[in-house]
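Per-entry structural report
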4 protein chains.
Amino acid sequence: MIKVTIFNEYKHEQNNEKAIAVYPDGIHNVLKGFLECDEISVRCVTLFDKELNIKEDIGLSDEVLSNTDVLIWWGHVAHTKVPDDVVERCHKHIMDGMGAIFLHSAHHSKLFKKLMGTTCNLKWRFPSKERLWNINPAHPIMQNVPEYFDIGLEEMYGERFDIPTPDELLMIGAFDGYEVFRAACTFQRGYGKVFYFQPGHETNPTFYIPEVQTIIKNAVYWAKPLYRQSFGAPKYEKVEL
Amino acid sequence: MIKVTIFNEYKHEQNNEKAIAVYPDGIHNVLKGFLECDEISVRCVTLFDKELNIKEDIGLSDEVLSNTDVLIWWGHVAHTKVPDDVVERCHKHIMDGMGAIFLHSAHHSKLFKKLMGTTCNLKWRFPSKERLWNINPAHPIMQNVPEYFDIGLEEMYGERFDIPTPDELLMIGAFDGYEVFRAACTFQRGYGKVFYFQPGHETNPTFYIPEVQTIIKNAVYWAKPLYRQSFGAPKYEKVEL
Amino acid sequence: MIKVTIFNEYKHEQNNEKAIAVYPDGIHNVLKGFLECDEISVRCVTLFDKELNIKEDIGLSDEVLSNTDVLIWWGHVAHTKVPDDVVERCHKHIMDGMGAIFLHSAHHSKLFKKLMGTTCNLKWRFPSKERLWNINPAHPIMQNVPEYFDIGLEEMYGERFDIPTPDELLMIGAFDGYEVFRAACTFQRGYGKVFYFQPGHETNPTFYIPEVQTIIKNAVYWAKPLYRQSFGAPKYEKVEL
Amino acid sequence: MIKVTIFNEYKHEQNNEKAIAVYPDGIHNVLKGFLECDEISVRCVTLFDKELNIKEDIGLSDEVLSNTDVLIWWGHVAHTKVPDDVVERCHKHIMDGMGAIFLHSAHHSKLFKKLMGTTCNLKWRFPSKERLWNINPAHPIMQNVPEYFDIGLEEMYGERFDIPTPDELLMIGAFDGYEVFRAACTFQRGYGKVFYFQPGHETNPTFYIPEVQTIIKNAVYWAKPLYRQSFGAPKYEKVEL
């Protein structure tokens with residue numbers, strides 16, 4: 001059983017009519033809906049409660065994270081409201097092997113920026129049509145993904161995307177203004193596997209698209225750690241051979 | 001002084017009216033025209049002679065290659081006519097440090113495929129408009145290149161481009177059918193620096209575009225070896241510390 | 001079921017007393033012995049027959065390769081005796097997704113050099129003690145591999161190893177003359193996954209070491225293709241979005 | 001003229017007799033001594049003053065950093081005493097193109113860890129002999145560096161070194177307990193070029209070794225930005241082609 005924890009900001013889907021229309025129960029519940037199966041269990045946590053207050057306790061405790069194989073992150077306007085100690089704790093667990101998937105505007109989350117070490121800035125424009133190209137069909141995250149697929153309307157995210165060179169570049173997105181974007185990228189940080197995926201604007205039904213669901217589900221299988229392990233900066237004794 | 005040798009197939013510019021109109025003296029002479037300067041000397045060799053016969057001696061001897069810092073390659077329909085021993089000789093010099101720049105359809109040259117170890121296959125379509133995005137403005141090959149520039153008409157080269165992951169991805173091209181392409185890539189092979197650049201179809205005036213010229217000239221400076229050095233597979237004697 | 005085909009040169013184990021003592025039935029049969037299980041079936045082919053003649057038909061036909069998920073290669077003194085058409089055929093299948101594992105002196109096989117595009121030269125010395133360090137414990141090939149393990153006697157292979165930068169560096173070897181070596185490396189070429197592993201000299205019982213067996217078996221699981229797929233260089237028709 | 005700023009902690013060289021004996025004027029002044037030349041100007045700043053108090057103003061203001069092409073960092077026991085706003089400011093300038101060189105125990109500085117996004121943990125042991133191998137003789141930082149050189153006594157830093165895969169691996173160190181280490185690594189972060197180099201313990205005369213000086217000086221030339229440029233996360237207007 002792979003244990004997934006989804007963090008969702010959960011603001012737009014409570015105060016923006018267009019987002020409410022698309023994701024009435026929140027983006028997290030749509031993600032949960034297509035991920036949950038015999039092999040995957042899903043827990044959801046949100047930053048905002050049902051009264052649109054920021055929760056005092058988000059629910060990303062050490063205990064929860066120790067019982068999380070893969071953390072999925074969606075956030076946008078309230079990145080700075082995520083407490084620093086939560087970010088540190090999530091980062092620590094990724095170092096020890098927890099997988100992490102960052103969707104769309106999570107590129108500017110504290111946690112993703114801490115993992116990348118860069119600004120993660122990019123160009124943006126709304127709306128645009130998008131076509132996504134499969135650059136590495138042999139990769140497990142691209143299993144059953146066609147050579148390209150389209151997203152009717154999506155937010156344009158354009159290069160230059162200020163990230164370190166990804167370990168693997170899996171998809172490039174093309175937009176209706178001739179913009180391009182490294183839309184699916186993998187990174188290893190510590191023992192943790194990290195995946196960034198660009199589509200997923202809050203007012204578009206992107207997370208209902210079968211190919212998008214396939215990619216995120218594949219990424220869960222890929223990001224699951226072989227094992228969790230803490231490592232330090234040990235003084236080492238010489239061992240003769 | 002950087003010594004550049006340009007290999008050009010030189011067939012289209014002698015038997016295709018559109019190519020003749022754009023490059024009446026051959027692509028090689030346009031490349032030579034903008035490269036040659038106080039710091040760069042240029043020699044040109046061609047596969048076809050002025051009677052459209054394939055030359056018995058192309059002119060890529062060991063002596064010529066030993067006096068070449070950077071080899072530039074343009075070929076298209078006659079890749080298989082380049083003798084294997086010429087390919088082996090060029091490859092050997094790249095291993096020892098000679099730089100190499102492959103333009104457009106040179107992706108299917110024997111030499112490039114030998115360096116890559118893959119098919120180098122891609123999708124193609126003609127004609128298309130193209131916009132090229134600068135993914136790494138801090139790279140020496142991208143010096144003085146804007147964040148993007150356009151090529152009015154160019155051949156579409158589309159992903160998946162079957163190459164090993166480049167050491168550095170410098171530009172992504174976008175085409176009018178929503179296709180994308182890793183259009184400027186670097187690779188180190190042996191001690192040699194290798195650069196692939198996608199634009200440059202024989203019937204379009206691509207090589208007259210200032211940004212294209214800037215990139216190719218920058219690549220010459222970048223690909224120049226620090227020194228040339230042959231290395232073998234030596235039996236090694238233990239050295240105490 | 002993962003279908004493995006082992007190619008072994010099979011000369012030393014028939015004409016070198018020390019190699020015969022360690023591998024009386026050939027290296028291939030020791031590899032087969034620890035690989036074969038409910039999930040893995042193994043076929044062996046050799047270059048030399050039991051009379052020490054080079055076989056006219058090695059047994060690496062298109063039919064055999066089409067039924068091979070992962071090809072394992074051991075060769076040393078007779079690399080040049082492997083026919084070019086066999087090399088081309090194996091390369092084609094790797095491009096289409098067949099996995100490939102190259103052991104020890106297979107670094108100088110025609111097939112590995114064709115995949116790398118470089119000389120694959122290195123320093124060598126015999127014998128040496130070796131300690132191998134696990135650089136990426138989170139990688140599937142390193143599953144159940146300790147932070148380091150020792151090989152009592154092994155051939156020293158030393159840097160500079162003339163290969164392209166590996167996609168992933170998994171182990172570094174240290175030798176008793178202070179030499180070092182990138183001893184376990186992965187590369188993707190086409191749709192095929194390629195693994196190089198340095199230990200495995202013919203006169204040492206390296207392939208009986210449990211950690212070595214774990215690594216090679218893990219590599220078989222890792223290199224297995226998701227699917228096999230031939231791709232060409234297609235003319236492409238514009239598709240509207 | 002390349003403008004270098006050296007940050008040195010400057011504690012050991014004032015309160016540890018062995019360090020005082022080797023670096024009586026501080027590590028920074030030895031670095032300055034071999035770097036300064038017609039093409040390179042050097043400014044030094046330190047964390048501790050001559051009374052061994054931590055300075056209120058280290059001297060890494062925006063003005064100083066704006067006038068710095070390459071920042072060199074040596075720190076060890078007082079990493080946590082470097083104020084966060086100094087770290088943020090240095091990071092911002094690296095994003096905009098300032099080069100950065102981290103020596104030895106600077107692997108655990110706040111700034112390096114922020115750039116890497118990982119713990120940067122490693123094994124350590126003192127003392128050890130070390131031999132450093134040149135893995136990429138064609139790289140500008142390796143210019144005039146032999147295939148290997150020795151450091152009589154140095155602190156052992158051993159794998160696993162918890163960093164992201166370097167863009168380029170230039171040297172591997174071997175120690176007298178068969179330990180190994182990726183001793184010279186490059187990383188691009190933002191527009192800035194980052195170099196990490198392992199040797200340089202405070203009680204050993206490592207920085208007087210000619211090959212070490214050559215490498216650090218080469219790294220200064222390599223890390224110098226082509227230009228400095230701030231970039232944001234701009235809303236972008238569609239541009240027709």
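Quick caveat: nothing in here was measured; it's all calculated off a predicted structure. (Residues numbered from 1 in each chain as written. Chains lettered and ligands numbered in written order. Predicted model: local features only at pLDDT ≥ 70, side-chain atom pairs only at ≥ 80, totals over all residues. Heavy atoms only, no water.)

Turning our attention to the interface of chain A and chain B. Contacts between the two partners involve 22 residues from chain A and, on the opposite side, 22 residues from chain B. Carbon and sulfur atoms make up 68% of the surface buried where chain A meets chain B, a total of about 1,800 Å² over both sides. Applying the counting rule to chain A against chain B returns 2 salt bridges. Glu147(B) serves as the salt-bridge partner of Lys123(A), at 2.8 Å between the closest nitrogen and oxygen. Listing elements by their share of the side of chain A that touches chain B, those giving two or more residues are strand S5 (123-134), strand S7 (168-175) and strand S8 (180-189) of chain A. Looking at the side of chain A that touches chain B residue by residue, the classes come out as 9 nonpolar, 4 polar and 9 charged. (Contact = heavy atoms within 4.5 Å. Buried area = accessible area lost by both parts, 1.4 Å probe. Salt bridge = Lys/Arg side-chain N within 4 Å of Asp/Glu carboxyl O. Helix = DSSP H or I, 4+ residues; strand = E, 2+ residues; numbered from the N terminus. Nonpolar A, V, L, I, M, F, W, Y, C, P; charged D, E, K, R; others polar.)

Our focus in this paragraph is the interface of chain A and chain D. In this assembly, 38 residues from chain A lie in contact with 38 residues from chain D. Interface area lost by chain A to chain D is led by Trp124(A), Tyr236(A) and Lys238(A), which between them contribute 19%. Inspection of the chain A/chain D interface yields 2 salt bridges. Of the charged contacts, one joins Lys238(A) and Asp176(D) as a salt bridge, the two residues approaching to 3.5 Å between their closest N and O atoms. On inspection of chain A and its partner chain D, the count reaches 9 residue pairs in polar contact (both at pLDDT 80 or more). Of all elements in the fold, only helix H5 (84-95), helix H6 (110-116), S5 and S8 of chain A reach the threshold of two or more residues within the side of chain A that touches chain D. Within the side of chain A that touches chain D, the residues separate by chemical class into 15 nonpolar, 11 polar and 12 charged. (Polar contact = N/O pair within 3.5 Å; in protein donor to acceptor, adjacent residues only side chain to side chain.)

Here we come to the relation of the copies chain A and chain D. Structural alignment of chain A on chain D gives an RMSD of 0.0 Å, achieved by rotating through 180° and translating 0.0 Å along the axis. Here the transformation between the copies is reduced to the relation of a two-fold axis. Minimal C-alpha distance to the rotation axis in chain A is attained by Gly117(A), lying at 2.6 Å. Here 100% of the interface residues in chain A have copies in chain D that are interface residues too; the copies meet face to matching face. (Least-squares fit on C-alpha atoms with pLDDT ≥ 70 in both.)

The next subject is the sheet that holds strand S2 (residues 40-46) of chain A. Residues and elements named next belong to chain A. Read from one edge to the other, the open sheet built from 9 strands follows the order S2-S1-S3-S4-S9-S8-S7-S5-S6, with strand pairing classed as mixed. In this open sheet, the two edge strands, each paired with only one partner strand, are S2 and strand S6 (148-158). Taking the axes of each pair of neighbouring strands and ignoring which way they run, one obtains an average angle of 25° across the sheet. Of the strands in this sheet, strand S1 (2-8), S2, strand S3 (70-74), strand S4 (99-103), S6, S7, S8 and strand S9 (192-197) touch helix H7 (residues 210-223), which is tilted by about 170° from S9. (Pairing = 2+ DSSP bridges. Axes fitted to C-alpha atoms, helices over the stretch in contact; angles between N-to-C directions.)

Each neighbour pair has its own omega, and for Phe126(B) with Pro127(B) the value is -5°, a cis peptide bond. Between Glu159(C) and the following residue, Arg160(C), the backbone shows a cis peptide bond with an omega angle of 10°. Here Arg160(C) lies in the loop between strand S6 (148-158) and strand S7 (168-175). The backbone of Tyr10(B) shows a phi angle near 65°, a positive value even though the residue is not glycine. Counting through the fold element by element, Tyr10(B) comes out in the loop between strand S1 (2-8) and helix H1 (12-15).

Before going further, it helps to examine the side chain of Ser128(D). Residue and element names in this part refer to chain D. Turning to its location among the elements, Ser 128 is positioned in strand S5 (residues 123-134). Among the residues examined, Ser 128 registers a relative accessible area of 0% and is labelled buried. Among the polar contacts listed, one links the side chain of Ser 128 to the side chain of Asp 176, at a separation of 2.9 Å. Not counting the four nearest positions on each side in its chain, Ser 128 is found in contact with Gly 152, Leu 153, Glu 154, Met 156, Phe 175 and Asp 176. (Buried < 20%, exposed > 50% of the residue type's maximum accessible area, 1.4 Å probe, protein only.)

With that settled, the discussion passes to the sheet that holds strand S4 (residues 99-103) of chain B. Residues and elements named next belong to chain B. The strand order S2-S1-S3-S4-S9-S8-S7-S5-S6 describes an open sheet built from 9 strands, whose pairing is mixed. The sheet is open, and its two edges are formed by strand S2 (40-46) and strand S6 (148-158), each paired on a single side. In this sheet, neighbouring strand axes are inclined to one another by 25° on average, regardless of whether the strands run parallel or antiparallel. As paired elements, strand S5 (residues 123-134) and strand S7 (residues 168-175) share 5 bridges and run antiparallel to each other. Bridged to Leu 132 within S7 is Gly 173. The strands that helix H3 (residues 27-35) touches are S1, S2, strand S3 (70-74) and S4; relative to S1, the one it contacts most, it runs at about 160°. The strands touched by helix H5 (residues 84-95) are S3, S4, strand S8 (180-189) and strand S9 (192-197); relative to S9, the strand with the most contacts, the crossing angle is about 115°.

A few words now on the pattern of salt bridges. Enumeration over the complete set of coordinates arrives at 48 salt bridges over all chains. In this structure, the salt-bridge partner of Lys114(B) is Glu88(B), at a minimum N-O distance of 3.2 Å. Of this pair, Lys114(B) sits in helix H6 (residues 110-116) while Glu88(B) sits in helix H5, placing them 26 residues apart in sequence. By relative accessible area, Glu88(B) is classed as partly exposed at 44%. Of the charged contacts in the structure, one is a salt bridge between Glu36(C) and Lys32(C), with a shortest N-O distance of 3.6 Å. Counted as one network, the salt bridges with shared partners bring together Arg125(A), Asp176(A), Glu179(A) and Lys238(D).

As a further point, take helix H7 (residues 210-223) of chain D. The end-to-end C-alpha separation of H7(D) is 20 Å, in line with the 20 Å expected for 14 residues at 1.5 Å each. Within H7(D), the full set of buried residues consists of Val212(D), Ile215(D), Ile216(D), Asn218(D), Ala219(D), Val220(D), Trp222(D) and Ala223(D). (Expected span 1.5 Å × (residues − 1).)

Residues and elements named next belong to chain A. Interhelical geometry of helix H3 (residues 27-35) versus H7 gives an angle of 75° and a closest axis separation of 10 Å. It follows from the interaxial angle that H3 and H7 lie roughly perpendicular. Contacts between H3 and H7 pair Leu 31, Phe 34 and Leu 35 from the former with Gln 213, Ile 216, Lys 217 and Val 220 from the latter. (Parallel < 35°, antiparallel > 145°, perpendicular 65-115°, else oblique.)

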